[in-house]
Structures are given as C-alpha cells and as structure tokens.
Protein chains: 2
Amino acid sequence: MTRGLECYDCGYTSDDQTESRCRCGESLWFSTDTNEFAWPTEAWTNGMWRYADVLPVSKPVGVTPGGTPLVRADRLDEYAGCRLSLKVEAQNPTGSFKDRGSAVGVRHATEIGRDWVGTVSHGNMALSTSAYAAAAGLECAVFVPAETPEQRLELIARHDPHIFRVEGDYGRLYEQTLALEAPITFVNSDTPLRVAGQKTVAYEICEQLAPSVPDAIVLPISSGGQASGVWTALRELEAAGLIDDLPRLYGVQAAACDPIATAYREGRESVTAVDAAETIAVSIANSDPPSGTRALAAARATDGAVVSVSDDATRKAMDRLATAVGLSVEPSSAVALAGVRKLSDAGELAADDEVVTILTGSGYKERYETDVESRTKTIDLEALEAELEGILEGSEGDVSRQTNDR
Amino acid sequence: MTRGLECYDCGYTSDDQTESRCRCGESLWFSTDTNEFAWPTEAWTNGMWRYADVLPVSKPVGVTPGGTPLVRADRLDEYAGCRLSLKVEAQNPTGSFKDRGSAVGVRHATEIGRDWVGTVSHGNMALSTSAYAAAAGLECAVFVPAETPEQRLELIARHDPHIFRVEGDYGRLYEQTLALEAPITFVNSDTPLRVAGQKTVAYEICEQLAPSVPDAIVLPISSGGQASGVWTALRELEAAGLIDDLPRLYGVQAAACDPIATAYREGRESVTAVDAAETIAVSIANSDPPSGTRALAAARATDGAVVSVSDDATRKAMDRLATAVGLSVEPSSAVALAGVRKLSDAGELAADDEVVTILTGSGYKERYETDVESRTKTIDLEALEAELEGILEGSEGDVSRQTNDR
C-alpha cells in the first residue's frame, strides 16, 4: 500500500524509490495508503512483518525484528512522574531498534537486484546492517569514523562486512554516500527505507495498547530518522481510524549535543548544526542531524517538545532501569527516561498521563563504570551459612528496595 | 494445573514446593496435569506467560521473557545436513534463555513472601536472576567462583545484587545452597522452579511449528536443567494430545568438559564427574552436572543422543551463524549447531529431518577474537567514490557469499 516517496514539508512526490532527499532539502519518506488498514490477525511471532501491508517490501529477511515487549513499569511511576510503559527495543536480534529499518532496507536491495548495501554508522546501525546483509547473502560496506575503537568494530566484524575507517568530515560522508551513483543501497539512518522499517515500533505500541492510545511517546533523537518513523506511523494509524488522537511526541537529546532541542528552545523552524561536547550518550551524539528539522516538526505538530538532559541525569535513569525494572540499556536509551522526568518536572507530563518510552538499545553490548566493589564480598565456602545469616539479619526491616523515592 | 513435585526416576511425589532433591538423589520437577491444555488464545506479546496455566506461578514479573523467534535457516541446511530452524533465545530480556526460569523462580519467591532469592552461577543465570529480583523488588544473593573476572561481574552488578566470590569447591556450593534452611529461594539451574520456566521454550517451539512436530531438538547441555525442562514439556504436550510423537532430544557438550556425553558413549545409566579441561564454551563447562543423569534419560527415552564437539567446530559454527544468518551467539550456544553437523555426519540426522536448534545466549555480551584487521581499511573521504568503485568491481562475479559449502 506504499505509493512512492513524498516530502512531508513541500509535498513533492516521486516514484523513484532510490531517492532520499527532496529538492527542497528535506528528507523523503514513503507515502502509504492506510485507509483500508486494520490490525493484523497473524501471530505476533511474525514481529514487524505483521505490518508488511504498509511496508515497501513484502517478504521477511533474516531473524525477525519487532514484536518486542511493552512493559508497564509502575515501579518507576513516581520517579517518572507519570504512568510509564517501556518499549524494549533492546530485544531485537542485534540488540537495538535499528534491526527494523535494516531488514526493510536489505530486503529492498535484494528485490531490486542489488549485490551490495551500505551504511554510515559507528554503532548499532552498522552492526544491524551488517547482520541483515549477512542473512540476505549481500555484501555490506560500513563507513565508520577513523577513530572508532577496535572493541566496537569487533562486534560489527563478526558479520563479515567491509569496514571503511574514513578520515575526513563524517557529516559530509553521510550525504556523500546518498549522492553516490554506485549500485549500492545505502540504508542510512533517515533514508526512506529505514524510516519505513522504524515506523513499525509505533504500530506495535498502538496495537499493544489498543483500544487505548498513549498520551505521549518519548524517545531519544539523533538523526531524527526514528522520530520521523514514529510520526509517519501515527499519521497512518490516524488515517486508518485506529487511533483518534495523535500521542504527543517528545524527543530527548544529550545536553552536550542537542541541535534539535536547541532549535525547539529558540523557537526556530529549522535545525542547524551545533558544536558538540563529549557525552556518554555516544549513539545519539549527532551535531548536524539530517532529519532534525523533520523531527522538530513532528514534536510541534503533535503538541510535544524536544528537550535535552545532562549525562548525570542519564546515569541516574540508567541505574533506575537496571535496579527497579531489571533492564540494562545503553546511555543513549536512558536519556529518554531522564527526559520523561524532566518533562514531568516542567509540567509537560501529568501524573495520570499514559507515557510510552522507547528504549532503543541494549546496555549489555558495552562495559560501563559500574561500582562492582561495593556489591561484592569474597568468602570461604565453609563460612557460607554464617555469611548468609549475617546478610539476612542485617537487612531485616530494611529489605525492600528503595525505588519509589525521587 | 501443577500438582506438586515428583521424581522422574523413582516416582516420589511431594507437595512441599521448596524441595529440590528427591530422596533417591535425583532432581525433582513439577508434575503438571495437561489433559485439558490447549494452545493459548492470548497474544504472543505475553511471551512465556501465555503458558501460565501449566506453570507453578500465575502472575508475570519483570520484563516479559519468551515469545522469541523461531527462524528457518535454510542458508545453513547444507552445512547442518538437515532442515534447520533456530530458536533465538538470545532475544530474551537479559540476552539468554535463563530469563524464563528466573521469572518463575522470582515470582514464586514473592508469592510465598520471601524477601530474598539466590543463585549459584557466574554467567547468564547470575545476570538473569539479578535482573528479575530487581524487577520484583527482592534482594538477590549471587554466588560466583572467586576467580570470576571483573568484566563479567560488571554486567551482573548493574542490577544491584549481593555478589559473593566464593573460595572453595564450586560444585559443593551448588548443593549446599539448596540444603540451606535460610528464608531464601535458590533458583539454581536444575531446581524445579527454574525447570518449570525453562520448559516454556519447548511449548513455544511446538506451538510455532504446529501442527507439524520437529523430528529433533538439539540443545547445549550443562547442568541438565534446560534439557529436563524441554523433556517435561514434550511429555506434557503429548499428554495434552498436541503432539503425537516426541521429537528426539539431542544434547551437545564441549569435548573438553563432557560428562553426559561420556556416560552416553559408554552406555552408562548415570552421569559421574569428569576432570575438565579448558573450553571456549565456558557457560556450559559443568564437570559434575546435577541433572546430568536426567538429561541422559531424556536423550535415551526419546531415541536421541548426547555428543560433544571440539572448540574448533564450535568456532566454525559461531562464524556460520554470524555470517550466514546474522546472529551472534556465545560459544556455549554455537556448540548446538556444531552438534547438529556432527549428528548429521554420523547419520543420526537425515537431510529431510526438521531440526530445531536452541541458541541459548547472545554473543554480544562478550568480546571474541574476531579478525577485524582483514575486514577493515582506512580511507580518506575524498577517495570515497574511487574506493567504492574498486570494491564493487573487484567483487564482480564473486559477490555472492559462500555459505553453502561444507
């Protein structure tokens, strides 16, 4: 039911599915007719492919992305200042939300007879694209910044892509790959094929909560591609009559690198590059986001906002997720929960608002500076019973975890 | 529909759900009446809790385990020597199959009013139990060998358990914790609560393939707890009339530490401890498996077998999964695929056999010795177009990945 590409901003349309950019400079996305769309009847074990009718490709490829849990996290309500649910995108095959877009992009490449796919990324997207290319039997070119640490490349290299460490302006590289006339499908983070795949997360959230509709969806923003996907999905579901109101869309960035939040704060209509500082949220540290203006438009059009949070707030949110929900996420995901708290404090979210936070990626793929020492004790096997008695007694009356304090 | 505990071997039954061991020495499991059981009608997004009717607990806790993909991996058929499907247990909340058992054990602990849970593990089970205890607001005691590397403890520590590095005989520690009279629920790897949770993977496999039934299920074996869970599930599904024949159960161990395979090979009825050597399959290197004899019985009763594979075969299987299916698994999971190949070569599996392999855990939680160098090239942004042309030309006629050679 996709009808070719269109520009959300100037209305340009195109039938050439290999385009990415509109003549006006904005990014294109797929236009999809959802007037006849109803919630699918197939099993959820088909994951995102349940929504094949609204995707530009029909057949699955690789391990099934999507069908991830939506968890009501009432233990975090007081911390979050609202009724919080978590969409756990870490439970995709390569541990992040990127698998949805990679699967669509790679399948499309095979459908038009391409032997190669490519991407510009040094993290989740590089890993995901490499894995899906491998599953489809395609060659994959991954362009990473020259300084990408070997440790991260090791994960990517397992899926046998061609890795190019590129010296030069990384922002320019992103656009340059899209302009290449080589027979290679680039599935960069805000390209139409990827956005089409990413949108399925919003389809799932709405179907999992149906007939309720969340008051707000809060997600991390980097390139703006994922926010664009969620926005287009909500518009499509509204056109299908499956949701009455669009949830408010809130984007969250790291304060050290927040071009979209800055534009929102300053009341501007378009996003421009910023000078970024270091942040622990490396996966979303995009100082010149290609779909930044579109993400900004999504937040404004839905009565949402774009905010940024400190690394300290992000660390605390990560810790809350790990110790109160049992979920380890990467800092670039935890920013979303830190953002929820900030938005509640600012009165943007109310205590009875139903809020869904998209946790984009697993924390288990990296090592963090966790305090292991204070949680660890070395004992002798012979002392086991005594040790155990000691801790059980020591914790009496103080045994319940303190998770509801703010 | 659970009716208390029973011993598969001597028939002893008990209503005391905190027991773990039979008087005969074998491990107990839950007896479950499945005569009235039918495939559930709820959505698959409820994961393993769809099978709450056959579990000893009713209410979910933590992030939903289960509902993992079952993927037909035809690109590996030639390598595997059969029609291969993969059950991707890496897509559970903490990246391994252990979440199923942890969720049941932790929920049970809350239901009987316990403030503490515990486990004896230095890997996936420790991580999983810590995460589910955190989600339930319980304190968690994790007993690890004194020499467990800090890097692995860091993942576990995120969920804020009490970690005890124990100096002494680790095998004895396992049994000693189960005999403790302290008010703490130990969810060790072959305890009845854990086995009850682990069995849901076999319910899912059979439901995902229904009305077909796989000819064989191949899985890694360590303590024997998971194999016990799969066996009891298949017996329950047969009693329910949902499968006619039991699939043959095959267990796979690492050759360096293969007490169950050794007992099978030698035609013995019970498993005894072996002197183990080093193996890359650290998660299954159990030289004295507490449910080894039960796992052996499962293989024999279903006309299966228990075999072991070399680390070299395991490395090759890992690489195949990563480069032909896009799945990175830990060595202790890859042994199962290496086992499939070995069983095919031995004539145990036929080319038209439908075989399901359980891939127990993600490979992304650890770093391996992947050859990054040969896959990586440093280039200048200005040279991008020329570089790309070079690789595209260089690969002409040779572009399809070689995945079907044996």
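Calculation notes
- Residues numbered from 1 in each chain as written.
- Chains lettered and ligands numbered in written order.
- Predicted model: local features only at pLDDT ≥ 70, side-chain atom pairs only at ≥ 80, totals over all residues.
- Heavy atoms only, no water.
- UniProt positions renumbered as here; feature names shortened; annotations may be inferred.
- Least-squares fit on C-alpha atoms with pLDDT ≥ 70 in both.
- Salt bridge = Lys/Arg side-chain N within 4 Å of Asp/Glu carboxyl O.
- Helix = DSSP H or I, 4+ residues; strand = E, 2+ residues; numbered from the N terminus.
- Buried < 20%, exposed > 50% of the residue type's maximum accessible area, 1.4 Å probe, protein only.
- Pairing = 2+ DSSP bridges.
- Axes fitted to C-alpha atoms, helices over the stretch in contact; angles between N-to-C directions.
- Contact = heavy atoms within 4.5 Å.
- Buried area = accessible area lost by both parts, 1.4 Å probe.
- Polar contact = N/O pair within 3.5 Å; in protein donor to acceptor, adjacent residues only side chain to side chain.
- Nonpolar A, V, L, I, M, F, W, Y, C, P; charged D, E, K, R; others polar.
- Phe/Tyr/Trp six-rings, centres within 6.5 Å; stacked < 30°, edge-to-face > 60°.

Chain A appears in an unreviewed UniProt entry as Threonine synthase from Salinadaptatus halalkaliphilus. As stated in UniProt under Cofactor (unreviewed entry), the record for chain A gives "pyridoxal 5'-phosphate". Heading Sequence similarities (unreviewed entry) of the UniProt record for chain A holds this comment: "Belongs to the threonine synthase family."

Participant: It is not clear to me how the relation of the copies chain B and chain A should be interpreted in this structure. Could you clarify?
Facilitator: In summary, the two copies of the chain are related to each other by a rotation about an axis coupled with a shift along it. Mapping chain B onto chain A calls for a rotation angle of 180° and an axial translation of 0.0 Å; the resulting RMSD is 0.0 Å. Between the two chains, the operation in question is that of a two-fold axis.

Participant: What should I look at first to understand the pattern of salt bridges in this one?
Facilitator: Pairs can form between side chains of opposite charge whenever their charged atoms are close. As enumerated under the stated definition, the model contains 38 salt bridges over all chains in all. Residues Glu 366 of chain A and Arg 152 of chain A are paired through a salt bridge, measuring 3.3 Å at the closest nitrogen-oxygen approach. In this pair, Glu 366 of chain A sits in the loop between β13 (354-359) and β14 (376-380) while Arg 152 of chain A sits in helix α4 (residues 150-157), placing the two residues 214 residues apart along the sequence. The closest approach of N and O atoms between Glu 204 of chain B and Lys 87 of chain B, which form a salt bridge, is 2.7 Å. Of this pair, Glu 204 of chain B sits in helix α7 (residues 200-209) while Lys 87 of chain B sits in strand β5 (residues 83-88), placing them 117 residues apart in sequence. The same class applies to Glu 204 of chain B and to Lys 87 of chain B, which are both buried.

Participant: Can you help me understand the sheet that holds strand β3 (residues 28-32) of chain A in this one?
Facilitator: In sheet architecture, strand pairing relies on hydrogen bonds along the backbone and comes in two forms, parallel and antiparallel. Residue and element names in this part refer to chain A. Pairing is antiparallel in the open sheet, where 3 strands are placed in the order β2-β1-β3. Both outer strands of the open sheet, β2 (13-14) and β3, are each paired with one neighbouring strand and no more. Of the strand pairs in this sheet, strand β1 (residues 2-7) and β2 are connected by 2 bridges, and their pairing is antiparallel. Of the residues in β2, the one forming a bridge with Leu 5 is Ser 14.

Participant: Help me understand the sheet that holds strand β7 (residues 139-145) of chain B in this model?
Facilitator: With respect to topology, 5 strands assemble into an open sheet ordered β14(A)-β8(B)-β7(B)-β6(B)-β9(B), the strand pairing being parallel. Every interior strand has two partners, whereas the edge strands, β14 of chain A together with β9 (184-186) of chain B, have only one. Recorded for the sheet is a direction-independent mean angle of 25° between the axes of neighbouring strands.

Participant: Explanation requested: the interface of chain B and chain A in the structure shown.
Facilitator: Quoted interface sizes are often the accessible area lost when the parts come together. Contacts between the two partners involve 92 residues from chain B, matched on the other side by 92 residues from chain A. Summing the contributions of chain B and of chain A, the shared interface buries around 8100 Å²; its carbon and sulfur component is 60%. Salt-bridge contacts for Arg 375 of chain B lead to Asp 160 of chain A; the nearest nitrogen and oxygen are separated by 2.8 Å. Across the contact surface, chain B and chain A share 39 residue pairs in polar contact (both at pLDDT 80 or more). Among the residues making up the side of chain B that touches chain A, the classes are represented as 45 nonpolar, 22 polar and 25 charged. Bridging between strand β8 (residues 162-167) of chain A and strand β14 (residues 376-380) of chain B involves 5 bridges; their strand directions are parallel. In the sheet register, Arg 165 of chain A faces β14 of chain B, and the bridge partner there is Thr 378 of chain B.

Participant: Just checking my understanding: could you explain the packing of aromatic side chains for this structure?
Facilitator: Remark: the centre distance and the inter-plane angle together describe each pair of aromatic rings, the angle taken between the planes. The final tally for this structure, using the stated rule, is 16 aromatic pairs over all chains. Seen from their ring centres, Tyr 51 of chain A and Tyr 203 of chain A are 5.3 Å apart, and the 50° between their planes marks the pair as tilted. Of this pair, Tyr 51 of chain A sits in the loop between β3 and β4 (70-72) while Tyr 203 of chain A is found in helix α7 (residues 200-209), placing the two residues 152 residues apart along the sequence. Judged by its relative accessible area of 0%, Tyr 51 of chain A is buried. By relative accessible area, which is 0% here, Tyr 203 of chain A ends up buried. Centroid distance Tyr 8 of chain B to Trp 29 of chain B: 6.0 Å. Interplanar angle 50°. Geometry classified as tilted. Here the residue Tyr 8 of chain B occupies a position in the loop between β1 (2-7) and β2 (13-14), and Trp 29 of chain B occupies one in strand β3 (residues 28-32), the gap between them amounting to 21 residues. Considered together, Tyr 8 of chain B and Trp 29 of chain B belong to a single accessibility category, that of buried residues. The rings of Phe 37, Trp 39, Tyr 51 and Tyr 203 of chain A are connected pair by pair, giving a single aromatic cluster.

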